[in-house]
Structures are given as structure tokens and as C-alpha cells.
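The residues making up each chain are set out below.
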Amino acid sequence: MTYNNSKAYLEYQNLKKNLKKDLLLFIEKEFSSSISDIDKINFLSKKDKFFEKILLNLDNWMQSPIPEKYKEIVIKSISQNKWSNIIEAFKEELVFGTNGIRGKLVVALDEQECISDLKSLNEFGFESEILRGTNSINEITIIKNIFGLINYMEKKKLTTIVIGYDSRICSKIFSRLISNIFLEKKIYVILFDRINSLPELSFAVTHFKADMGIEITASHNDKRYNGYKLITKYGSALTNKIREEISYEIFNNNSDVSYDLLSYDYNDEKFIFVSNNILILNDFSASNSKNNVIKEYLNQISNVTFDKNIINKFASKISISYSALHGTGYLPVSKLFEKNNITNIKYITKMILPDPFFSAFNSKQILDPSDFVTSNVIANRFIEQYGNEEFKKLDLLCYTDPDADRLGVIIQVPKDEQIIYGQWKLLKANDVWALFLWYILENILKNTKSPFNNLKQLFIVKSFVTSDLLLYISKKYKIESIDGKVGFSDLSEIVRKKWKENKHNIGMFEESCGFGIPGNHENNSTKLHILEK
């Protein structure tokens with residue numbers, strides 16, 4: 001259905017002739033000046049396709065049944081000749097990736113305008129008058145995506161979903177909007193009432209035996225981004241087959257998408273959902289119930305602690321610092337330390353509380369634990385707060401990305417090696433996983449009561465680019481090591497196939513700083529959710 005008689009659309013049509021001319025001139029001027037003579041022929045052949053793609057997405061947006069205000073913002077941007085913003089907003093449609101969709105919340109390339117737009121979104125939410133488009137994460141593109149996901153769930157007869165959100169701009173109101181859409185479609189919703197990490201969401205999906213989970217997050221992308229990740233009933237990433245089926249439903253959805261639910265005030269502190277068919281997870285009001293996810297989650301982690309005696313022995317002696325990178329990790333990490341009586345913790349306080357602007361980082365800085373620039377910010381913030389002498393006393397400084405499913409570890413460098421490596425070193429994931437695997441296998445051999453102590457049943461999976469040191473450690477202990485493609489989607493699929501052979505997984509390893517111990521979901525003695533990152 002098109003809405004080509006609306007006031008905004010008719011005004012757009014009046015502007016279109018000049019729009020085409022001015023936009024094309026801008027593209028030619030902006031892009032041709034930055035390419036070599038060799039590339040110019042290639043550019044000229046692609047320029048028209050690029051231009052037509054922008055116009056097609058722009059036309060579809062202006063003819064769609066979205067509220068008029070979103071079209072009026074486009075008219076305003078065209079009238080102000082904000083061509084770079086128009087291009088950024090409409091040059092593509094968001095693509096369904098490995099586990100979901102992510103993209104920029106704001107399309108301004110100018111730093112000051114970008115920060116101003118982020119502040120507007122944070123303050124006014126869906127009432128903000130910033131430019132949206134097919135290539136940005138916004139309430140319109142989110143609604144289209146969720147209607148496609150619902151089509152998939154209805155076809156598969158899936159009836160329950162867990163919804164969580166991180167500390168990013170608009171994450172909370174996106175979670176409320178999405179919850180309302182599911183509720184209106186008679187799908188039972190389990191919703192976190194606070195920011196939560198992705199591992200907590202993965203756990204909640206298996207804990208409540210839900211069919212799917214969705215986390216509003218852009219993972220380790222910079223502060224300009226948001227999106228969502230989908231989780232299967234096993235707590236794992238999507239398989240290739242599921243991903244293709246969901247993507248098809250999103251981008252081939254011929255049914256009318258309704259935008260009526262945008263009339264709600266999602267910023268309202270006393271917000272009321274469209275239905276009571278919802279369970280709100282509030283850890284603080286349900287401290288003794290099954291609904292206290294953080295408590296149940298920490299209990300599960302304790303069940304796979306391989307040597308509790310060594311933790312008890314060194315709990316008061318080990319010196320650790322932790323940073324949550326302004327994200328979701330502080331609550332689960334601090335509670336885990338507390339549960340294990342680890343008290344000598346130096347939190348980087350300026351980075352502990354959730355901050356949607358990620359104030360320690362510039363607008364284009366990725367928040368990836370494996371990135372050296374990120375680790376440098378962390379180390380410097382510790383020294384600013386506690387001083388260099390306290391830094392020297394640390395056994396390790398660890399930190400998690402915004403949705404807390406990736407880990408960074410900084411260690412001291414021995415004095416005789418500092419001339420080469422400097423005062424500290426960021427451990428690569430390969431180094432950390434080698435230590436983890438060795439430690440796990442050594443402790444399995446010592447513990448005859450462990451559900452994992454039958455070595456013939458054990459196996460690990462790793463992406464093929466992850467260090468072969470894990471393969472050699474596995475060979476030493478005579479357990480199977482299997483290589484998979486990059487990404488937890490493929491690794492999870494391998495694990496599920498091995499479960500059918502009554503095998504137990506003791507490690508999923510990714511070079512991107514992700515790690516898991518799924519055990520065997522079909523065996524009660526080692527039943528863990530698959531994505532224990």
C-alpha cells in the first residue's frame with residue numbers, strides 16, 4: 001500500500017526534479033574529487049546505480065504508511081541541502097547480518113551535528129526531529145524488522161520471547177516498542193526491567209524455556225550505533241538456516257506493517273503495555289523467586305567453577321580491576337565477585353555506571369576489547385583514578401564490551417621485558433583461551449565427581465582462524481578438537497550435532513574474544529545455555 005496523496009509526499013514530488021539534479025551534482029563533486037584517474041571509469045559506471053538506489057529508497061520511504069512527521073523531516077533536510085545526510089540515510093537498506101541488524105542511529109557525518117543528534121534522541125526518543133531513513137536504526141526500520149520476525153515465529157508456531165536491552169541510546173524505548181508489537185500479536189513476552197548483558201539474556205531464554213530472545217544492542221560498535229541480536233531457544237546464535245528464513249520474512253514481507261503503536265509515549269516512566277501477557281524481570285523486587293535472573297545466572301556459573309578451593313584460597317589476595325566500558329557488565333561481574341568473596345577489586349568508577357554516550361570514547365571509536373586503542377583508554381583511566389603505583393600492584397585489569405559478551409584482559413609485563421612490550425600488555429584472545437582450556441582440562445582430571453570427567457565424551461570447537469595451540473592442548477589430553485567457520489553461529493551448530501552423539505562440549509573459542517561452555521543441553525548433569533560468553 002502506498003500513501004502518495006499525503007501532503008508531505010506531494011511536497012516531495014514538487015521538490016524531486018531539483019532534488020535529482022542537486023543530489024547528482026553533490027555525488028559527482030564529493031566522490032570524484034577523492035578518486036584517482038584509474039578509478040574514475042569504475043566510479044562513473046557505479047555512480048548511476050548508487051544514485052538510483054538512493055532515489056528508490058527515498059521514494060519508498062515517502063510513499064510508505066509511516067507517520068507524516070518522518071516524511072516532513074526528510075522534506076526539511078532536502079530544503080536545507082543536507083545531501084550527505086540524505087545519502088547516508090537512504091544509500092542502502094539495513095542488512096540482516098549474522099545474528100540480527102545493527103546500524104547508525106544518526107546519519108550526520110559532521111562530528112558536532114552527530115553528537116547534537118545523539119543528545120536529541122537521548123532526550124526526546126521517538127519525538128526527536130532528527131533525520132531517519134532506510135539505512136539507519138530507528139523506530140520505523142525496527143518495526144519493519146519485528147513484523148518480519150513475527151511472521152517467522154508464527155510460521156514456526158513459536159509463542160514466547162525474552163527481550164532485553166543494553167545501555168545505548170534508545171535501547172529501553174526500543175525494547176518497549178518491540179514488546180508492544182509482540183504482545184499485540186499474542187506472543188508472550190518476558191522483559192528485563194533493567195539493562196542486561198547478552199549472556200544474561202541467553203541464560204534467561206533457556207531458564208524460562210522461551211522460543212527466542214532478542215537483545216537491543218550494537219555489541220562493540222561505537223556510540224552512534226544500535227540494533228538487535230537474536231538468540232535461539234538454546235541460548236545460542238542463529239544457525240545459517242534460521243538466519244536465512246528470518247531475513248526472507250523481513251525483506252519479503254508483503255503484509256501491511258502497522259505503525260499505530262508509535263502513538264504511545266515510550267519515554268513515560270509509568271508506561272503501560274498493550275497487554276498483561278508479559279512477565280517483567282525485576283531482580284530487585286523478586287529476590288527469592290525464580291524470576292531473579294541474576295541470582296539463577298550466577299548459580300549456573302558456580303556450577304561450572306572447576307576449582308572452588310583455589311578461589312577460596314586466593315579470593316582475598318588477588319588484585320583485580322574491572323571496567324564495564326559504560327555498558328551492562330557491572331551488575332553481573334560485581335555480583336560474581338561478591339558471590340566468590342573476591343573483595344580486592346578496584347572498579348574504574350567513571351566507566352562503571354551505564355552511559356549511553358560512552359563518554360570516555362570519541363564518536364567513532366569502536367568499543368571492542370581486542371582493540372588496542374580501547375585498552376589504552378582503560379589503562380589510562382585506571383591510572384588517572386588510582387595512580388601508577390596501584391597499577392603496578394594489579395594481577396590483572398579486565399573489561400567487557402557494552403553488552404558484556406566479549407572480554408579484554410590486561411596484564412603487567414615483567415620488568416626485564418618492558419623495554420620490548422611496555423609496562424602492560426593486552427592479552428590476545430588466543431592466549432587467554434589457551435590458558436582457559438589448559439586450566440579446565442587440568443581440573444577435570446583432578447575432580448572425579450565432575451560431570452565432565454569422561455575425557456572420551458569431551459570436545460572443543462573453535463573457528464579455523466583461532467590458534468592451533470588449542471588443538472595441541474586438546475591432543476595432549478586426548479579430547480576431540482573441531483574447527484568451524486568464523487562466528488558462533490557455525491560453532492553452535494557443530495555443538496548441537498555432537499550433542500546427538502552424547503558428547504559434552506567444554507569450550508567454544510572465537511578469536512573475537514568470545515568463549516563458551518555449553519556442556520550438553522540434552523543431558524541434565526551438564527545442561528548449560530550454549531552462549532556462556
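Please refer to the structure higher up on the page.
Going along each chain's sequence as written, the residues are numbered from 1 onward. Side-chain atom pairs in this predicted model are given and counted only at pLDDT of 80 or more, local residue features only at pLDDT of at least 70, and totals for whole chains, interfaces and linings cover all residues. To get the side-chain values, take all heavy atoms of the structure and skip hydrogens and water.

Chemist: How should I be thinking about the sheet that holds strand 4 (residues 212-216) in this particular structure?
Modeler: Strand pairing in a sheet relies on backbone hydrogen bonds, with the paired strands running either antiparallel or parallel. Taken together, six strands build an open sheet; the order of strands is 1-5-4-2-3-6 and the sheet is mixed. Each edge of the open sheet carries a strand with a single partner, namely strand 1 (100-104) and strand 6 (278-281). Shown here is a sheet whose adjacent strand axes are inclined to one another by a mean of 15°, direction ignored. Think of it this way: DSSP has to see at least two bridges between two strands before they count as a pair. Segments assigned H or I by DSSP are reported as helices when at least four residues long, segments assigned E as strands when at least two residues long, and all are numbered from the N terminus. Where strand 1 and strand 5 (residues 225-232) come together, five bridges link them in antiparallel fashion. Bridge pairing links arginine 102 to glycine 227 in strand 5. Axis lines are fitted to C-alpha atoms, over the contacting stretch for helices. Their N-to-C directions set the angle, which ranges from 0 to 180 degrees.

Chemist: Honestly, the side chain of arginine 224 in this entry has me stumped. Any pointers?
Modeler: For arginine 224, the position within the fold is in the loop between strand 4 and strand 5. Under the scheme applied here, a residue whose accessible area is under 20% of the maximum for its type counts as buried, over 50% as exposed, and between as partly exposed, the area being computed with a 1.4 Å probe on protein chains only. Judged by its relative accessible area of 9%, arginine 224 falls in the buried class. In this structure the side chain of arginine 224 is engaged in a polar contact, spanning 2.8 Å, whose partner is the side chain of aspartate 222. Under this definition, polar contacts are N or O atom pairs within 3.5 Å; protein pairs additionally need one hydrogen-donor-capable and one acceptor-capable atom, and for neighbouring residues in sequence, both atoms have to be side-chain atoms. Looking at arginine 224, its side chain comes within polar contact range of the main-chain oxygen of serine 363, at 3.3 Å.

Chemist: Sorry, what's going on with the sheet that holds strand 11 (residues 424-426) here?
Modeler: One open sheet holds the five strands; their spatial order is 8-7-9-10-11, and the pairing between them is mixed. Each of the sheet's edge strands pairs with one partner strand only, and the pair in question is strand 8 (345-347) and strand 11. Each strand of the sheet is rotated relative to its neighbour by a mean of 20°, with strand direction disregarded. Pairing of strand 9 (residues 396-400) with strand 10 (residues 407-412), which is carried by four bridges, proceeds in the antiparallel orientation.

Chemist: Would you mind going over helix 9 (residues 240-251) with me for this structure?
Modeler: Three or four residues apart is the spacing at which side chains of an α-helix point the same way, because the helix has 3.6 residues per turn. The terminal C-alpha atoms of helix 9, which comprises twelve residues, lie 16 Å apart, in line with the 16 Å expected from a rise of 1.5 Å per residue. Every buried residue of helix 9 is listed here: Arg243, Ile246, Ser247, Glu249 and Ile250. Seen along its axis, helix 9 keeps its buried residues to an arc of 160°; they face one direction. For helix 9, the exposed residues set more than 90 degrees away from the buried face come down to Lys241, Glu244 and Tyr248. One less than the number of residues in a helix, times 1.5 Å, gives the span that helix is expected to have. Note that the arc is computed from the directions linking the helix axis to the C-beta atoms.

Chemist: Any chance you could explain unusual backbone geometry here in plain terms?
Modeler: Negative phi is the rule for most residues except glycine; trans is the rule for most peptide bonds. Unusually for a residue other than glycine, cysteine 170 sits at a positive phi of about 75°. Judged by its relative accessible area of 9%, cysteine 170 is buried.

Chemist: Is there a simple way to think about the pattern of salt bridges in this case?
Modeler: What makes a salt bridge here is a side-chain nitrogen of Lys or Arg within 4 Å of a carboxyl oxygen of Asp or Glu, nothing more. This model, assessed by the stated rule, comprises 26 salt bridges. Put simply, glutamate 28 and lysine 47 hold a salt bridge, and the shortest N to O gap is 2.6 Å. Here lysine 47 lies in helix 2 (residues 37-63) and glutamate 28 lies in helix 1 (residues 7-32), a separation of 19 residues in the sequence. For glutamate 28, a relative accessible area of 26% puts it in the partly exposed group. Salt-bridge contacts for glutamate 127 lead to lysine 69; the nearest nitrogen and oxygen are separated by 3.6 Å. Residue glutamate 127 is located in the loop between helix 5 (111-124) and helix 6 (139-155), and its partner lysine 69 is located in helix 3 (residues 68-79); the two are separated by 58 residues in the primary sequence. Among the residues examined, glutamate 127 registers a relative accessible area of 53% and is labelled exposed.

Chemist: Would you explain the side chain of aspartate 59 in this entry?
Modeler: Within the secondary structure, aspartate 59 sits in helix 2. Given a relative accessible area of 15%, aspartate 59 falls into the buried group.

Chemist: Explanation requested: the packing of aromatic side chains in the structure shown.
Modeler: For any pair of aromatic rings, the description consists of the separation of the ring centres together with the inter-plane angle of the planes. Only the six-membered ring of Trp is used, alongside the rings of Phe and Tyr, when aromatic pairs are assigned; centres must lie within 6.5 Å, and planes under 30 degrees apart are stacked while those over 60 apart are edge-to-face, with the rest tilted. This model, assessed by the stated rule, comprises 17 aromatic pairs. Between phenylalanine 271 and phenylalanine 273 the ring centres are 4.9 Å apart and the planes differ by 90°, which places this aromatic pair in the edge-to-face class. Of the two residues, phenylalanine 271 and phenylalanine 273, both sit in the buried class. Taking the centre distance of 5.7 Å and the plane angle of 15° together, the rings of phenylalanine 372 and tryptophan 424 count as stacked. You can see phenylalanine 372 sitting in helix 13 (residues 372-386) and its partner tryptophan 424 sitting in strand 11, a full 52 residues away along the chain. For tryptophan 424, a relative accessible area of 13% translates into the label buried. The structure contains a cluster of three or more aromatic residues connected by ring pairs, namely Phe126, Phe174, Tyr264, Tyr266, Phe271 and Phe273.

Chemist: Help me understand the packing of helix 6 against helix 7 (residues 171-184), please; the structure alone is not making it clear to me.
Modeler: Each packed pair of helices is defined by two parameters, the angle between the axes and the distance between the axes. Closest axis-to-axis distance for the helix 6/helix 7 pair is 10 Å, and the angle between their directions is 40°. The hand of the helix 6/helix 7 crossing is right-handed. Only Phe174, Leu177, Ile178, Ile181 and Phe182 of helix 7 make contact with helix 6, whose side of the interface consists of Glu139, Ile142, Ile143, Ile146, Phe147, Leu149, Ile150 and Met153. By residue class, the composition of the contact of helix 6 with helix 7 is twelve nonpolar, no polar and one charged. Left-handed describes a crossing whose near helix is turned anticlockwise from the far helix through less than a right angle; right-handed describes the clockwise counterpart. By definition, residues are in contact when any of their heavy atoms lie within 4.5 Å. Just so you know the grouping, Ala, Val, Leu, Ile, Met, Phe, Trp, Tyr, Cys and Pro go in nonpolar, Asp, Glu, Lys and Arg go in charged, and all remaining residues, Gly too, go in polar.

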